[in-house]
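# Coordinate inspection notes
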Amino acid sequence: MSEQIAVQIQSPSGLSCLRCDFALPLGDHDAGCPRCAAEEHASNLRLVFRGAAQGRIVLPPTGGISLGEGGTPQVEAPDLAAEAGLGRLSLKLEWCNPTGSHKDRMSAPLLARARERGATLVAAASSGNAGVSLAAYAARAGLAAEIATTPSMPDGARRAIRATGARLVEVADTAARWEHVGRLAAEGAFAATNYRRPALGTNPFGIAGYKALAAEIAADGLPDLVVVPCARGDLLSGLLLGFQELGRGMPRLVAVEPFPRLARVLAGADYRESFPGRTAQLSIGGDTVTFQALHALRESRGTAVVVDDAAARAAQMRLGRAGLHAELSAAAGVAALSVLGAEGALTGRHAVAVLTGSGAGAMDAPTDTNPFDQRGPR
Ligand SMILES: [Zn+2]
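Presented here is a report on the structure given in the accompanying data block. (Residues numbered from 1 in each chain as written. Predicted model: local features only at pLDDT ≥ 70, side-chain atom pairs only at ≥ 80, totals over all residues.)

### Some points on unusual backbone geometry
- Across the junction of arginine 197 and proline 198, the peptide omega takes the value -10°, indicating a cis bond.
- Within the element layout of this structure, proline 198 appears in the loop between strand E11 (190-191) and helix H7 (204-208).
- Phi at glutamate 40 is positive, roughly 60°, even though this residue is not glycine.
- The topology assignment puts glutamate 40 in the loop between helix H1 (34-38) and strand E4 (45-48).
- Overall, glutamate 40 belongs to the exposed group, with 8 C-beta atoms counted inside 10 Å.
- Although it is not a glycine, arginine 301 adopts a positive phi angle of roughly 50°. (Helix = DSSP H or I, 4+ residues; strand = E, 2+ residues; numbered from the N terminus. Buried ≥ 20, exposed ≤ 12 C-beta atoms within 10 Å, placed from the backbone.)

Here is the structure:
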């Protein structure tokens, strides 16, 4: 019943700024738009594809660097839909990507760009999924990778990164992680993640990879809203760009965050501020907001929903009973729908929740006590 996915591969002709539309020749600008940077308004750029056909997603070539990413299953969840007051709920199982998360869609074009630029080392700051994915795609591309992380990285992610031959460097905290990548970038490494403050997001080549997710979602029927776990907003931004290119209508993009960051910016705070908070939802932690995330919410008339760890755990258990073991930050998307449903905002609507990673994957540390165990007969 799903339509053909409308995707075209084409080399980009340049870049433009998400915030001020400034046009630049193709290049890699780790500080984002130079004009916005001069005004101290960090903003990411996007790829421009001159002469691209309308109504299609245009992706940059990956130069054969692929592990089979994309084309993930989208399954219906009628019981969960009814509980949230939705007409239809579809779950996009992004953990079916080769290294277990949506990040693979980003890694393929990023590594192609790194190789095209003649980089010999790819540097990244990661709490888990991005590092696992980038290390694997670097190995596939024949490039060395160095992943900077903090003590909170789960053992599964460490094993997965080391298995590729990538170097894993542990530093004290997120700030030190970004400093480490910044030093490597200054020495000529290709930066495959954000490392700047105020944060920008990832190189636009990587973000373009997420446009394919928008095409896949739209091929199963354009939803009213898409729920996206959000840290720096790479996925959110890529989805916005994808739905814009498709031109079939814009779903409301809902950013899910573990403590108020975007929610505070939408309420009037400056996106360049720091928004500290602690969370077990490692994939969407951190104290920064990006312009690209804010832009995606504004352009899609979307919103941000805060889901604390307790609500994310409850949603993780609920999904488990539906046969789906999501990582905590992915389950948070389903919890966000309960919040919006309780506000009566979802009646009869079709939502897609992007389940970015699996609970059985690299990111969730095993818990000492399984909540299910306590309920069974002893
Ligand atoms: Zn700009």
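### Overview of the packing of helix H8 (residues 211-219) against helix H9 (residues 234-246)
- As a packed pair, H8 and H9 sit with axes 7 Å apart at the nearest point and diverge in direction by 55°. Overall, the two elements H8 and H9 adopt an arrangement that is oblique. Relative to H9, H8 is oriented so that their crossing is right-handed. Residues Lys211, Leu213, Ala214, Ala215 and Ala218 of H8 form the contact with H9, whose participating residues are Gly238, Leu239, Leu241, Gly242, Phe243, Glu245 and Leu246.
- Looking at the contact of H8 with H9 residue by residue, the class counts come to eight nonpolar, two polar and two charged. (Axes fitted to C-alpha atoms, helices over the stretch in contact; angles between N-to-C directions. Parallel < 35°, antiparallel > 145°, perpendicular 65-115°, else oblique. Left-handed = near helix turned anticlockwise from the far one by under 90°. Contact = placed C-beta atoms within 7 Å. Nonpolar A, V, L, I, M, F, W, Y, C, P; charged D, E, K, R; others polar.)

### Some remarks on the environment of glycine 87
- Within the secondary structure layout, glycine 87 lies in the loop between helix H2 (78-84) and strand E7 (88-93).
- Along the primary structure glycine 87 and threonine 347 are separated by 260 residues, whereas in three dimensions their C-alpha atoms are 6.6 Å apart.
- Those residues within four positions of glycine 87 in sequence are excluded, and the remaining contacts are Ala81, Gly348, Arg349 and His350.

### Digging into the environment of alanine 119
- Along the chain, alanine 119 turns up in the loop between helix H3 (103-116) and strand E8 (121-125).
- Expressed as a C-alpha distance, the spacing of alanine 119 and leucine 26, which sit 93 residues apart in the sequence, is 16 Å.
- Residue contacts for alanine 119: discarding those within four places in its chain leaves Ala114, Leu143, Ala189 and Phe190.

### Section: the pairing of strand E2 (residues 14-17)
- Side chains Leu15 and Cys17 of E2 all project onto a buried face; the interleaved residues Gly14 and Ser16 project onto a face where none is buried.
- In this sheet, strand E3 (residues 23-25) lies alongside E2 in antiparallel orientation, the contact comprising three bridges. What sits directly across from leucine 15, in E3, is leucine 24. (Pairing = 2+ DSSP bridges.)

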